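The residues making up each chain are set out below.
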Amino acid sequence: MQKNLSWFLEPEFADEVRKMHRLVGNAIAEDRHIVVGTGSVQLVQAAVYALSPPDAPEPMNVVPAAPYYTTRWALVKDLEVARRMAEFVELNTIGVSKESQLRLAKILRSVREACDATAWLKCEKEADCGSFLRRQNIMARSGKRFGAGPEYARISMLDRDEAFDLLIERLLEIQ
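Residues numbered from 1 in each chain as written. Predicted model: local features only at pLDDT ≥ 70, side-chain atom pairs only at ≥ 80, totals over all residues. Heavy atoms only, no water.

What am I meant to see in the pattern of salt bridges here?
Any two side chains of opposite charge can pair, given that their charged atoms come close. Here the structure, examined in full by the defined rule, presents eight salt bridges. Here Lys 98 and Glu 10 are joined by a salt bridge, their closest N and O atoms 2.8 Å apart. Residue Lys 98 is located in helix H4 (residues 98–114), and its partner Glu 10 is located in the segment before helix H1 (11–24); the two are separated by 88 residues in the primary sequence. The partner of Glu 99 in a salt bridge is Arg 103, with the nearest N and O atoms 3.5 Å apart. Note that Glu 99 and Arg 103 are positioned in helix H4 at a spacing of four residues, about one turn of the helix. (Salt bridge = Lys/Arg side-chain N within 4 Å of Asp/Glu carboxyl O. Helix = DSSP H or I, 4+ residues; strand = E, 2+ residues; numbered from the N terminus.)

In this structure, what is going on with the packing of H1 against H4? I would like to understand it.
To characterise two packed helices, one gives the angle between the axes of the helices and the distance between these axes. Here H1 crosses H4 at 30°, and the two axes come no closer than 9 Å. The orientation of H1 with respect to H4, classified from their angle, is roughly parallel. Crossing hand, H1 versus H4: left-handed. Each of Glu 12, Phe 13, Glu 16, Val 17, Lys 19, Met 20 and Leu 23 in H1 lies in contact with H4, whose residues at this interface are Gln 101, Leu 102, Leu 104, Ala 105, Leu 108, Arg 109, Val 111 and Arg 112. Looking at the contact of H1 with H4, its residues break down into nine nonpolar, one polar and five charged. (Axes fitted to C-alpha atoms, helices over the stretch in contact; angles between N-to-C directions. Parallel < 35°, antiparallel > 145°, perpendicular 65-115°, else oblique. Left-handed = near helix turned anticlockwise from the far one by under 90°. Contact = heavy atoms within 4.5 Å. Nonpolar A, V, L, I, M, F, W, Y, C, P; charged D, E, K, R; others polar.)

Fair warning: the whole summary comes from geometry, so function is off the table for now.
The following block contains the structure:
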């Protein structure tokens, strides 16, 4: 367990965030620092604050690409950037409600415990793996919906044995 960077980050919430990302596989949460905020806008502002030079003579212009992030928390690799982001959140709102974090931890736990098993496939010769698999009568969702590239697709693995056998059969028929 990593040491929290801010006094207002609930350990139970941080633990559930790591477990959820590990289960879903959409982000690396281990060896990352969790910065919690009141919402995604505040976290983006905190990142701009943390990445800005402290002695800049004038404000910086920021033009980001379309972000892929999860609302309410950020996973930050660099310790100093994470510290400055947590400092911004603390100065901006005097922390984040412990009650909100505990409620969200409970929701994440419920979702994680009820989450269906999934498998990720990568199509080597198809530009849109999800569409390709659907044309093969395999229910799949494009990786684009989960922050991955279109060459990836996600399929559910939680079904009856007959459905799993049919999936394997259809995969083996693909030339």
